[in-house]
Every structure is written in C-alpha cells, then in structure tokens.
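Summary of structural features
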Amino acid sequence: MDNTYIELKISINPKIEDEVSAVCFERFNCEGVVLAEEKYKDLEMVSTTEGTLKVFLTDDSVKDIDEIKSVLKEEREFLKLQGLSDEELGSWEFSIEEKENEDWSKKWKENWDVTHITDNVVIVPSWLEYTPKGKEIVISLDPGHAFGTGTHQTTQLCVKAMEEYSGFKTVADIGTGSGILAIVAKKMGADYVYGCDNDPDVIDVANENAQKNNTECVFEFNTADKITNTFDFVCANILHNVLYEIMPDLKRIMNKDGKMVLSGILDEKKDVVLKAIKENNLKILKINHQDQWISFVVANA
Ligand SMILES: C[S@@+](CC[C@H](N)C(=O)[O-])C[C@H]1O[C@@H](n2cnc3c(N)ncnc32)[C@H](O)[C@@H]1O
C-alpha cells in the first residue's frame, strides 16, 4: 500500500480526543490523527460534544472493517466501564476511505509550523526558514512517516526533562522515531547519543535528520534488550504497556547514577508504569504533566 492510505473517521466527543488517539496508535498502528474542524470553531465558549477524529492508517492489516468495528466497540465499552457516559464518549460511529498518500503528506506539512518546545528548544520543519533568537537550540526536521515532529505532548515532556536534568554525557533514545530527542540531546552537549527503534523504516529518517542538523548520533534498528552499553540519561517515549515490558532493560542500560525519562503515558494508564517503576526498584525524581499526558523522571533507588 505504498501510494495510498486509509482515512478512518470516527465520531467522538472532542474531550476524549487523547484517549481515542491512544487507542488508534496502540491498536491500529496508525501514522497520525487530526481532530476535524468542529472543535476549533467552538473552541471559545460553546463546548461541542460532536467531533470527528481523522485517523491515518498505512497498515494493510486494518483494512478489515469488521476488525475496526470490534476494536472500537471493545475500547468504547472499556471506557464506559471506567465511568464515561455515552455523551462524554460520542457515538464512535466510523467510516473508512482509501486515499492517495500524497494528500496526507501535503496536508500535515501545511499544518505543521515552527514549534517552541521550551524557551530554548525550537523545532523547525526543514522546508521553513527560521532565525534563532539568543541561545536557542534549533532543530530542522522532516519526520517523513516517523513519529516525532515535536508537536506531541509526550515528545515535549521528554525535551523538558532533558533540560531539567542536563549535564549528561551519554544518552540513549529508545523508540527514536524521527530522531528528534537524540538530536536535541546532542545539541544540548552530549558526547555520545544512541537512538534505536523497532521500526526499521525510521532509521534512515533519523539519520537524515541528524545529518541535516550537523549532529553525530548512532541510530540502529534495535530494541533495549539487545543493548549492552550503559548511559547517563535514557529517554523512552513509548506507550505505557511497552514501557512496562521493557522496564528491566531500560533500567539495565542506565548508569548506576543515571536518570531516565518515561513518557508516552496517558494519565489514566499511569498505574501500569508506576507498577513497573516499583517492581524495578526505581525512584521517581520528578512527575510532569501536559494535558492528559504524564511523564516520570526516575533513577535507581
Ligand atoms: C511515540 S514514538 C516516539 C518518537 C520520538 N522519540 C518522540 O519522542 O517524538 C514511539 C517510537 O517507539 C518505537 N517503538 C515502539 N515499541 C518499541 C520497542 N519495543 N523498542 C524500540 N522502539 C519501539 C515506535 O516505532 C515509535 O517510533
């Protein structure tokens, strides 16, 4: 499915955009989500309960409408059991349409702008010009199909943690996507930065982005269990259930007095990660929130 993608449209209450997005990233391996315009029209005062989440799928396996139906039914039921009402959820009625890939890449490129993650770190789409102010770290990026434009809360929580705990010399970025966190770490002054991802397709993207920014990072198609080095700082912006599974390896690759930021966690799923933190005898140094996302900075207890 090289030149086409599936646009899945789901009718939701815009208030639970993050929850439904997380379901789509987790269950459909989707490439991106956009909440259609209704939310923005009413952003000021009128709260709408009707929105459409557009989900971009490039994975052939989810073309099966019955599978989509049963996944959405199961996840909606789950949220109902957590106490959300039908109104709070929206109907989750959905439709799918096959589209040309070109449209999608153009569309998000038009919508993606310069992102000031912190006062010092700015992410600039590689096709835009930007003049740095003061000591700003400017990263020029084209994520292609990889995750990591810098606009997502989970990425921003990692950058903020790296700023708060700067001074590291070696960094591992597990689930590097576009390479954004690795490149930021290098620009912050790290001597050696290693990034890996279990998606082989993103490694070229990460390498190209490092090159664009004149940074030297080592990117590999790899998972934490196969890493033998240890690092001063570990970034892991991956979904809560993956964090739970790989926590022993994340701990193992962190230096004795190293630190690690765990992100990619919806507030309502934090208990899964807290359990892993406890089971692996880690201590929490800092908890940060952004919208419905939460991150933990941890160290050895
Ligand atoms: C949410 S994205 C984060 C991308 C980027 N680091 C950022 O912060 O914007 C998560 C990335 O982790 C990768 N991933 C998922 N499970 C993984 C695993 N077990 N080991 C390594 N990478 C994984 C995905 O392919 C994806 O690129």
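Below, the structure is looked at part by part. (Residues numbered from 1 in each chain as written. Predicted model: local features only at pLDDT ≥ 70, side-chain atom pairs only at ≥ 80, totals over all residues.)

With that settled, the discussion passes to the sheet that holds strand β5 (residues 115-116). Pairing is mixed in the open sheet, where 3 strands are placed in the order β5-β6-β7. Lying at the two open borders of the sheet, with one neighbouring strand each, are β5 and β7 (137-141). (Pairing = 2+ DSSP bridges. Helix = DSSP H or I, 4+ residues; strand = E, 2+ residues; numbered from the N terminus.)

If you trace the backbone, V184 turns up in helix α7 (residues 180-187). For V184, a count of 29 C-beta atoms within 10 Å corresponds to the buried category. C-alpha separation for the pair V184 and V138, spaced 46 residues apart in sequence, amounts to 8.6 Å. Among all residues touching V184, those that are not within four sequence positions of it are V121, I137, I139, V159 and M162. (Buried ≥ 20, exposed ≤ 12 C-beta atoms within 10 Å, placed from the backbone. Contact = placed C-beta atoms within 7 Å.)

Turning to the nonpolar core, a few remarks are in order. Within the largest apolar cluster, 80 residues are counted, with the highest numbers of intra-cluster contacts made by V184, V234 and L250. Both domains that meet at this core, namely domain 1 (4-108) and domain 2 (113-300), each give it at least three residues. Among residues more than four places away in sequence, those in contact with L250 are I174, A224, V234, A236 and M260. (Core = buried A, V, L, I, M, F, W, Y, C linked by C-beta atoms within 7 Å. Domains from an automatic or database assignment.)

Here we take up the sheet that holds strand β14 (residues 293-300). Strand order in the open sheet formed by 7 strands is β10-β9-β8-β11-β12-β14-β13, and the pairing between neighbours is mixed. Both outer strands of the open sheet, β10 (218-221) and β13 (282-290), are each paired with one neighbouring strand and no more. Averaged over all pairs of adjacent strands, the angle between their axes in this sheet comes to 15°, without regard to strand direction. Two elements, strand β8 (residues 170-174) and strand β9 (residues 192-197), share 5 bridges in a ladder whose sense is parallel. Across the sheet, residue D173 finds its bridge partner in β9, namely G195. Sheet contacts for helix α10 (residues 270-279): β12 (254-266), β13 and β14; angle to β14, the most-contacted strand, approximately 0°. (Axes fitted to C-alpha atoms, helices over the stretch in contact; angles between N-to-C directions.)

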